[in-house]
Amino acid sequence: MSTAADTVHRERHFEDHILDYLVREAPEADRWLEGDPAAYDKERALYPEDVIGWLREAEPEAWTKLEKLNKGNTETRVLDALVKKLADPNPDVGGTLAVLRKGFSLAGGGTLRMSQPKPEDDRNEGALARYAAHRFRVVRQLKYNPKREWSIDLVFFVNGLPVSTWELKSDFTQTVEDAVHQYRHDRLPKSPTGGAEPLLSFRRGALVHFAVSTSLVRMCTHLKGEASFFLPFDRGNEGGKGNPISDDSNRYPVAYLWEDVFRPAELLRLIHRFFLFESAKIEDANGRRTLRETMFFPRYHQWEAVTRLDAAVREEGVGGRYLLEHSAGSGKTNTIAWLCHSLIRMHEADGSRRFSTVIVVTDRTVLDDQLREAIRQIDHQEGVVEGIERAGGFDAQAKSGRLAEALLKETPIVVVTIQTFPFAIEAILSERSLADNNFAVVIDEAHTSQTGQAAAKLRAALSLEDEALAGLDATEIMAKLQAAREFPDNVSYFAFTATPKHATMTLFGREDEDGDPKSFHHYSMR
């Protein structure tokens, strides 16, 4: 039976291993600065040295103006203004995520950026300089309460703002559920000593909290005591849950968390391109309405799928086909949103977009609005998404005209149904002014019941006389389309499906070493 001392020893060894990699053993570009717990400001929940250091380097002109105006009080004014904005209840401008994405304002200095997303090309020297100025810091055994000695195993900061906390457990003595229990019962957003714990408060503090054992990972974006909801953040093991045992006896099964996901550049990409905030009014059985706020951080399979697709498209160029086999309940809507944003942000060396338009094919009307909101949060722009079906009805001529217009003006994301999609292919093939443009088609698998009701109209659009069309799903109809009309080579295809049929696998799958078609990415959620 393990003793308390043995538990602490093994947990400390695990902590040492992670920290050694992060600050000393990782490739130089992926290393973190090691922080001093004493340098942490418990009242402000900031690492002030990095806030000030980042602003001096990334915003030199604004800092000079602030120093002239505030003299020796500059740092205090800046930190107080930052804390005020972090506490702002408006999620569009306040809180850690909004401040990292949009910065904060201070009289005399204008808007002060608190991070810089990776530039898509090398043309903006200022953006490149800011990107190189980021300060990524990890602090071990951070004591976060001004009155108590409570400490968190690891806390991660970007430019002085807390972005993640980790509680570690060794499977020799405890489990990942012990770390989850610790968060639910000991890491409370409202301190027992009175007042809020800013580091652990939703939106105001760290963005995501990880319970990490030597074999499993769980994550939570909203700590609320016993109601804290933790999701798995595991790779999966041969179609099942968990993580595979590493072939290297010196490498933990969960090493992907600090070696891959928490690479500084990757964490910054997650901050700017993945986190999503949702606010909705929920009505209970008694008719009482309450506000539910949710922060979405990708599950491992979502992050991996989008990251692998991004890398493949950058390497392979335009014209590829990619099948994503993701089971029901896998969070496909957000995965599609993250993929679409990744595709529209992909640029060539001259600054032009690799894909002039991403066409999303879906029969889920809710996806249109969800895409709009996701892109608005990530890209801070309106008008990026256009839904061809929003006017209602089935006026083929009107819809084909709106679709052609959207493609000609290079609307970044266009949402169509499977019934309207053939007009997109027709426009790409026949419109001369689109001949030099590249397109991405993201196919959200539809149910046969949705496609059947419009089968007659679709048969006419495809010039097909196949009475069995009413029983086909979206990807099978795509196969029919390919047989009727050759797919253009300036289009890349990304097909999502839970249970791929033979036609789907043949059309979008990639041949394995035996010549059999396989999906590009598979998540079964068993």
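Every chain's residues receive numbers from 1 upward, in the order its sequence appears when written. Only residues with pLDDT of at least 70 get local features here, since the model is predicted, and only at 80 or more are side-chain atom pairs given and counted; chain-wide, interface and lining totals rely on the full set of residues. With hydrogens and water set aside, each side-chain value is computed from the structure's full complement of heavy atoms.

### With respect to the side chain of Asp234
Numbering goes from the N terminus for both helices and strands, where a helix is a DSSP run of H or I of at least four residues and a strand is a run of E of at least two. Tracing the backbone through its elements, the reader meets Asp234 in the loop between strand 9 (231-232) and helix 8 (256-261). At a separation of 2.8 Å, a polar atom in the side chain of Asp234 contacts the side chain of Arg218. Polar side-chain contacts of Asp234 include one of 3.0 Å to the side chain of Asn243. For Asp234, the contacting residues outside a window of four places in its chain are Leu216, Val217, Arg218, Gly242, Asn243, Tyr256 and Tyr300. Under this definition, polar contacts are N or O atom pairs within 3.5 Å; protein pairs additionally need one hydrogen-donor-capable and one acceptor-capable atom, and for neighbouring residues in sequence, both atoms have to be side-chain atoms. We call two residues in contact whenever any of their non-hydrogen atoms come within 4.5 Å of each other.

### Topic: unusual backbone geometry
One non-glycine residue with positive phi stands out, namely Arg203, at about 70°. Relative to the helices and strands, Arg203 resides in the loop between helix 7 (176-186) and strand 7 (208-213). With relative accessibility at 12%, the residue Arg203 sits in the buried group. The phi angle at Glu410 is positive, at roughly 55°, despite the residue not being glycine. Structurally, Glu410 is set in the loop between helix 13 (396-408) and strand 15 (413-416). Throughout this description, buried means an accessible area under 20% of the type-specific maximum (1.4 Å probe, protein chains only), exposed means over 50%, and partly exposed covers the range between. Residue Glu410 is classed as partly exposed on the basis of its relative accessible area, which comes to 34%.

### Section: the sheet that holds strand 7
For two strands to pair, DSSP has to find at least two bridges joining them. Pairing is mixed in the open sheet, where seven strands are placed in the order 1-4-5-6-7-8-9. On the outer flanks of this sheet lie strand 1 (33-34) and strand 9, each paired with one strand and no other. As paired elements, strand 8 (residues 217-220) and strand 9 share two bridges and run antiparallel to each other. Following the sheet pairing, Met219 is matched in strand 9 by Leu231. Strands strand 4 (136-143), strand 5 (151-158) and strand 6 (161-169) of the sheet are contacted by helix 9 (residues 264-273), whose axis makes an angle of about 80° with strand 5. Whenever a helix is involved, its axis is fitted only over the stretch in contact; in every case the axis is a line through C-alpha atoms, and angles between N-to-C directions fall within 0 to 180 degrees.

### A look at the packing of aromatic side chains
Any two aromatic rings considered together are summarised by their centre-to-centre distance and by the angle between their planes. Planes of paired rings set the category: under 30 degrees apart is stacked, over 60 is edge-to-face and the rest tilted, where pairs are Phe, Tyr or Trp rings (Trp by its six-membered ring) whose centres lie within 6.5 Å. Taken as a whole and assessed by the stated rule, the structure comprises 26 aromatic pairs. With centroids separated by 5.3 Å and ring planes inclined at 90°, the aromatic side chains of Tyr322 and Phe520 adopt a geometry described as edge-to-face. Of this pair, Tyr322 sits in strand 12 (residues 321-326) while Phe520 sits in the loop between strand 19 (517-518) and strand 20 (521-523), placing them 198 residues apart in sequence. Comparing Tyr322 with Phe520 shows no difference in burial state: the two are buried. Ring-pair connections join several aromatic residues into one group, and the members of that group are Trp32, Phe136, Phe156, Trp166, Phe210, Phe233, Tyr256, Phe262, Phe275, Phe297, Tyr300 and Trp303. Across from the ring centre of Phe520, 4.5 Å away, lies the NZ or CZ of Arg308, which sits over that ring. As a reminder, the over-ring test applies to NZ of lysine and CZ of arginine, requiring each to be within 6 Å of the ring centre and within 35 degrees of the ring normal.

### Quick look at helix 12 (residues 365-379)
Any helix carries an expected span of 1.5 Å times its number of residues minus one. Between its terminal C-alpha atoms helix 12 stretches 22 Å, which fits the 21 Å expected from 15 residues at 1.5 Å a residue. Buried residues of helix 12: Leu367, Asp368, Leu371, Ala374, Ile375, Gln377, Ile378 and Asp379, and no others. His380, located one to two residues past helix 12, shows a positive phi value of around 55°.

### Quick look at helix 9
Within helix 9, eight of the ten residues are buried, which leaves the element mostly enclosed by the surrounding structure. For helix 9, every residue scored as buried is listed here: Pro264, Glu266, Leu267, Leu268, Leu270, Ile271, His272 and Arg273.

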